[in-house]
Amino acid sequence: METESEPYVRLATLRQLHQVVAELNTARSLADTLQTVVDGIVRGLGYELACVNLVRPDGDLVVAAFAGDPAAEALITGRVGSRPAWERRLTMGEDWDGLRFIPHTEGWVLMEDDVPQWHTDGPDPRFQDEWHPEDRLYAPMYATGGELLGVISVDRPRNGRRPGAWGREALQMYAFQAAIAISNARLRANMQRALVRLEREQQALRASEESFRQAFEYAPSGMAIAEMGGDQHGRLLRTNDALCRLLSRPASVLRRYSFSDLVHPEDIGTLLRTSAEGGRAELRLGRRDGTYVWVSLRNSVVADAADGPRFLLTHVEDIEERKRHELQLAHRASHDSLTGLPNSAELRSRLGARLCRRPQSVRAGAVEALDAAYEGRPEAGGAGEHGFPPEGQHPGQYHAYDGGFPAATAAGQAADAFDFPGAFPGAFPAGPDGPYDHHVHTVAPATDVDDGTKGLAVLFCDLDGFKSINDRFGHHTGDAVLIEVARRLTTCVRDGDTVARLGGDEFVVLADGLGAADAADLAVRLRNAIIPPIRVDGRAVRVGASFGIGWASCGMSADEVLRSADQRMYIEKRSRSKAHRRAG
């Protein structure tokens, strides 16, 4: 009877197996898939109890699904068995072509390990293949790469017998399909989590982009995005309304430019350094009407981890008012508040910029200095009479000489005479002020007679008769006189000259490129410009002026130069009678 019904039993089992496998593929979540796995075993494979032990990320196995007995389900679901204990079980007992069967005669040693179990005591089997309550049958589930996904555990076959070859094969096939279903469920779960995370990131990105757009567009100060790298480096890609208003240009027009097209020519170097470093700078940008406005640029380099810098985000702040105040403060610090002329500190600064501490004596000419350098040294190619080579020696032929240049001092004079930096390398070590290769020395005429030497003339002016005007008519009149004298002095000098007020009724004029006669003529012109009457509040007053001419020269300090001119002024003042000095 059993032999005749066996094909029917196999066919019925295949139908049930096909149905439960189909249900595996319809489950959506991982939890649903696991529960479908154990329900399919109870319903389709003829076991009363089944559970799935799923591998956790830490390697241990947790009871993730149970079917067949609510009491046993409540007892062990969620409990964890260690990985070593499970590996021990999967190497014990009998290997049934991928299944692992542990008979009750061997399983008693497993009663004390930490793997969750529900086995109960029972009598010994009455026949050879009868199922014992303490028998254990496991179906490991592996991923495609051989990784253990979990273990199916079954108990209590309905026919009371250990499964035969067909039952074992059916359980093995089901475990294989269950592994595929669990892998797919995990994949779907991971994809769903990734999609949720991606959606959240996209929402955050959209929110961030909207926040950036609003912050960019409605910022009270200028904002710009400029291209970085390539042929279009620095080209403006986007500007906000504040920047358009600041530069009086519409956004469509600004997109044709880069900041280098708009920056003041004197500030182009500052802009290039700022663009390369992604830092901050203060410079001037051109407006539509041709004027320039002072701005503070702050660059942020927006970079891509893979491709490097992508563009520059530039914040443009209008600092015109602050710059105006700074210039006003700097002007007040360096100029006289009454006359507007450079004050004593500014005068000393300008004078000191032309001087160095290296004494500058009357220098020999170029040829004389070279003659002095090589005088009396025939081995160095000494010159014959009139500076020509000795007879028999071709010009340019010189004998070797180990000592370098024979006379550093004379060679230095030759280098100075040629005014050629580096003409004699190493001839002059750097002094306390550093090398003088790029410094144009200031020299003074040797005497008061004009010998053709041009220098920096310092004309010290002291007003004659000013004190009596101040005492008789008050400080208001005195101030008006000083203002008018400053104006007259300024109109008589060249654009590059300096007219400064030292204080009181003392003025100083710096005039470069003058000879002795030129300086004397300038003093006369300045005195003649001061002498005419000055009208203040309907009253005409007159002052005279005494001038002392000094000369600035390297090796002197600014105070020494001014003191020299001051002394010459007093000599000139004493040389004239009081009647001639006082003109008002």
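### Quick word on the packing of aromatic side chains
Then, number 1: Taken as a whole and assessed by the stated rule, the structure comprises 4 aromatic pairs.
Then, number 2: Ring geometry for Phe212 and Phe216: centres 5.7 Å apart, planes at 35 degrees, overall tilted. Here Phe212 and its partner Phe216 are both found in helix H6 (residues 165-217), 4 residues apart, which amounts to about one turn of the helix.
Then, number 3: Put simply, the rings of Trp96, Phe101 and Trp131 pair up and form one aromatic cluster.
Then, number 4: Positioned above the aromatic ring of Trp96 is the side chain of Arg168, whose terminal nitrogen or guanidinium carbon lies 3.8 Å from the ring centre.
Then, number 5: When the ring centre of Trp294 is taken as origin, the NZ or CZ atom of Lys323, which lies over that ring, is 4.5 Å away.

### Overview of the sheet that holds strand S1 (residues 47-55)
Then, number 1: Ordered in space as S3-S2-S1-S7-S6-S5-S4, the 7 strands form an open sheet in which the pairing is antiparallel. Every interior strand has two partners, whereas the edge strands, strand S3 (80-81) and strand S4 (94-96), have only one.
Then, number 2: Judged from the 3 bridges that link them, strand S5 (residues 99-102) and strand S6 (residues 136-142) form a sheet pairing that is antiparallel. Bridged to Arg100 within S6 is Tyr138.
Then, number 3: Across the sheet, helix H2 (residues 30-44) touches S1, strand S2 (61-67) and strand S7 (148-157), and the angle it forms with S1 is around 150 degrees.
Then, number 4: The strands touched by H6 within the sheet are S1, S4, S5, S6 and S7, with S6 carrying the most contacts at an inclination of about 40 degrees.

### A look at unusual backbone geometry
Then, number 1: At Asp97, a position not held by glycine, the phi torsion is positive, near 50 degrees.
Then, number 2: Relative to the helices and strands, Asp97 is located in the loop between S4 and S5.
Then, number 3: Overall, Asp97 belongs to the exposed group, its relative accessible area being 64%.

### Some words on the packing of H2 against H6
Then, number 1: Across the interface, H2 lies against H6 with an axial gap of 9 Å and an inter-helix angle of 165 degrees. On the basis of their axis angle, the class for H2 and H6 is roughly antiparallel. Remark: the crossing between H2 and H6 carries right-handed chirality. Contacts from Leu30, Thr33, Leu34, Thr36, Val37, Gly40 and Ile41 in H2 reach Tyr174, Ala178, Ala181, Ile182, Ala185, Arg186 and Arg188 in H6.

### Description of the sheet that holds strand S13 (residues 455-464)
Then, number 1: As summarised here, the arrangement of the 4 strands in space is S14-S15-S13-S18, forming an open sheet in which the pairing is antiparallel. The open sheet has two edge strands with one neighbour each: strand S14 (498-503) and strand S18 (544-552). Each adjacent strand pair in this sheet contributes to an overall mean axis angle of 25 degrees, direction not counted.
Then, number 2: In this fold helix H18 (residues 558-575) packs onto S13, strand S15 (506-514) and S18, with an angle of close to 140 degrees to the strand it touches most, S18.

### A short note on the pattern of salt bridges
Then, number 1: Scanning all chains against the criterion turns up 31 salt bridges.
Then, number 2: Glu210 serves as the salt-bridge partner of Arg213, at 2.8 Å between the closest nitrogen and oxygen. Of this pair, Arg213 and Glu210 both sit in helix H6, 3 residues apart, roughly one helical turn.
Then, number 3: Residue Arg322 is joined to Glu326 by a salt bridge in which the shortest nitrogen-to-oxygen separation is 2.6 Å. In this pair, Arg322 and Glu326 are both assigned in helix H11 (residues 320-334), 4 residues apart and thus about one turn of the helix distant.
Then, number 4: The exposure class of Glu326 is partly exposed, given its relative accessible area of 33%.
Then, number 5: When salt bridges that share partners are traced, they join Glu282, Arg322, Lys323 and Glu326 into one network.

Reading the values: the criteria
Residues numbered from 1 in each chain as written. Predicted model: local features only at pLDDT ≥ 70, side-chain atom pairs only at ≥ 80, totals over all residues. Heavy atoms only, no water. Phe/Tyr/Trp six-rings, centres within 6.5 Å; stacked < 30°, edge-to-face > 60°. Helix = DSSP H or I, 4+ residues; strand = E, 2+ residues; numbered from the N terminus. Lys NZ or Arg CZ within 6 Å of the ring centre and 35° of its normal. Pairing = 2+ DSSP bridges. Contact = heavy atoms within 4.5 Å. Axes fitted to C-alpha atoms, helices over the stretch in contact; angles between N-to-C directions. Buried < 20%, exposed > 50% of the residue type's maximum accessible area, 1.4 Å probe, protein only. Parallel < 35°, antiparallel > 145°, perpendicular 65-115°, else oblique. Left-handed = near helix turned anticlockwise from the far one by under 90°. Salt bridge = Lys/Arg side-chain N within 4 Å of Asp/Glu carboxyl O.

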